[in-house]
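Here are the chains, one letter per residue:
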Amino acid sequence: MMYGGAYYNAYPPYGMYRHPQYPPVDISILSHSVTAFQKIANESIRILKKLAEPEFARRLMTAAQMGNQREVDRLVKSIGSSTPITTTYTPSGLLLTIHAEAQGTQCCTLTMFLKWGR
């Protein structure tokens, strides 16, 4: 840029800004999380297939409509997931959150909201 006939460089000299030093990339935790997530993704398919069965869906929705959380949880558990599932519902839908662990700690969750009302 020019100011009063003198050249002014708006950018600092090369190398003046230093990038922070980060440790080397280690993908091991991510790899364990991906493996755990693949497991819960497969379980979600099994859950969806069960929810697609009209009689099961009717029992689940009836329990939810009656406010019977214990029966909703029992029905979801009866699907046979090996990972914990948190189930909540509203008049408009069902929220399922599947939790997974990798290396002894919770690493990832898969959340599905399935609409069943207006």
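Above this text you will find the structure in question.
Residues numbered from 1 in each chain as written. Predicted model: local features only at pLDDT ≥ 70, side-chain atom pairs only at ≥ 80, totals over all residues. Heavy atoms only, no water.

## Comments concerning a nonpolar patch on the surface
Convention followed: Within this analysis, patches are made of residues with over 30% relative accessible area and no salt bridge. Like charges are joined at 9 Å or less; nonpolar side chains (Val, Leu, Ile, Met, Phe, Trp, Tyr) at 5 Å or less. Each accessible area is a Shrake-Rupley estimate made with a 1.4 Å probe; only the visible protein chains count as cover when residues are assessed. Here, a salt bridge means any Lys or Arg side-chain nitrogen found within 4 Å of an Asp or Glu carboxyl oxygen. Helix and strand definitions follow DSSP, with helices as H or I runs of at least four residues and strands as E runs of at least two, each counted in order from the N terminus. Categorising residues by exposure relies on relative accessible area from a 1.4 Å probe, with only protein chains included: less than 20% of the type maximum marks a residue as buried, more than 50% marks it as exposed, and the intermediate range marks it as partly exposed.
A grouping of V25, I27, L30 and V34 is seen on the molecular surface, where their side chains present a nonpolar patch of about 420 Å² in accessible area. The topology assignment puts V25 in the loop between strand 2 (6-7) and helix 1 (28-51). Owing to a relative accessible area of 78%, V25 belongs among the exposed residues under this scheme.

## Some details on the sheet that holds strand 4 (residues 93-102)
Which entries qualify depends on this criterion: We call two strands paired when DSSP finds no fewer than two bridges between them. A fitted line through C-alpha atoms represents every axis, and for helices the fit uses only the stretch in contact; the resulting angles, taken between N-to-C directions, go from 0 to 180 degrees.
Strand order across the open sheet formed by three strands is 3-4-5, with antiparallel pairing between neighbours. Bordering the open sheet on either side are strand 3 (85-90) and strand 5 (105-115), each of which pairs with just one other strand. Each adjacent strand pair in this sheet contributes to an overall mean axis angle of 15°, direction not counted. Bridging between strand 3 and strand 4 involves six bridges; their strand directions are antiparallel. Residue pairing in the sheet places T87 in a bridge with L96 of strand 4.

## Let's talk about helix 1
Going by this rule: Take the number of residues in a helix, subtract one, and multiply by 1.5 Å to get its expected span. Residues are treated as being in contact if the distance between any of their heavy atoms lies within 4.5 Å.
Its 24 residues give helix 1 an end-to-end C-alpha distance of 35 Å, which sits within 8% of 34 Å, the value for a rise of 1.5 Å per residue. Those residues of helix 1 that fall on the buried side of the exposure criterion are S33, A36, I40, E43, S44, I47 and L51. Where the residues of helix 1 are buried, they touch helix 2 (54-65), strand 3, strand 4 and strand 5.

## Some points on the nonpolar core
Put simply, the rule is: Remark: nonpolar core denotes a set of buried residues (Ala, Val, Leu, Ile, Met, Phe, Trp, Tyr, Cys) joined through side-chain atoms within 4.5 Å.
Counting residues in each nonpolar core, the largest one holds 20 residues, and the members touching the most others are I47, L51, L60, L96 and I98. Broken down by element, the residue count for this core peaks at five residues, all from strand 4. When residues no more than four places from it in sequence are discounted, the contact partners of L51 are F56, A57, L60, L94, L96 and L114.

## Looking at the packing of helix 2 against helix 3 (residues 69-77)
Heads up, the condition is: Roughly parallel here means an angle under 35 degrees, roughly antiparallel means over 145, roughly perpendicular means 65 to 115, and every remaining angle is called oblique. Crossing chirality is assigned from the near helix's rotation relative to the far helix, an anticlockwise turn below a right angle marking it left-handed and a clockwise turn marking it right-handed. We call Asp, Glu, Lys and Arg charged. Ala, Val, Leu, Ile, Met, Phe, Trp, Tyr, Cys and Pro are nonpolar, and the rest, Gly among them, are polar.
Running from amino to carboxyl end, helix 2 crosses helix 3 at an angle of 155°, the nearest separation of the two axes being 8 Å. Relative to helix 3, helix 2 is oriented roughly antiparallel. The two elements helix 2 and helix 3 meet at a crossing, and its hand is left-handed. Residues F56, R59, L60, A63 and A64 of helix 2 lie in contact with helix 3, whose contacting residues are E71, V72, L75 and V76. For the contact of helix 2 with helix 3, the per-class residue count stands at seven nonpolar, no polar and two charged.

Limitation: the analysis is restricted to geometry and does not speak to function.
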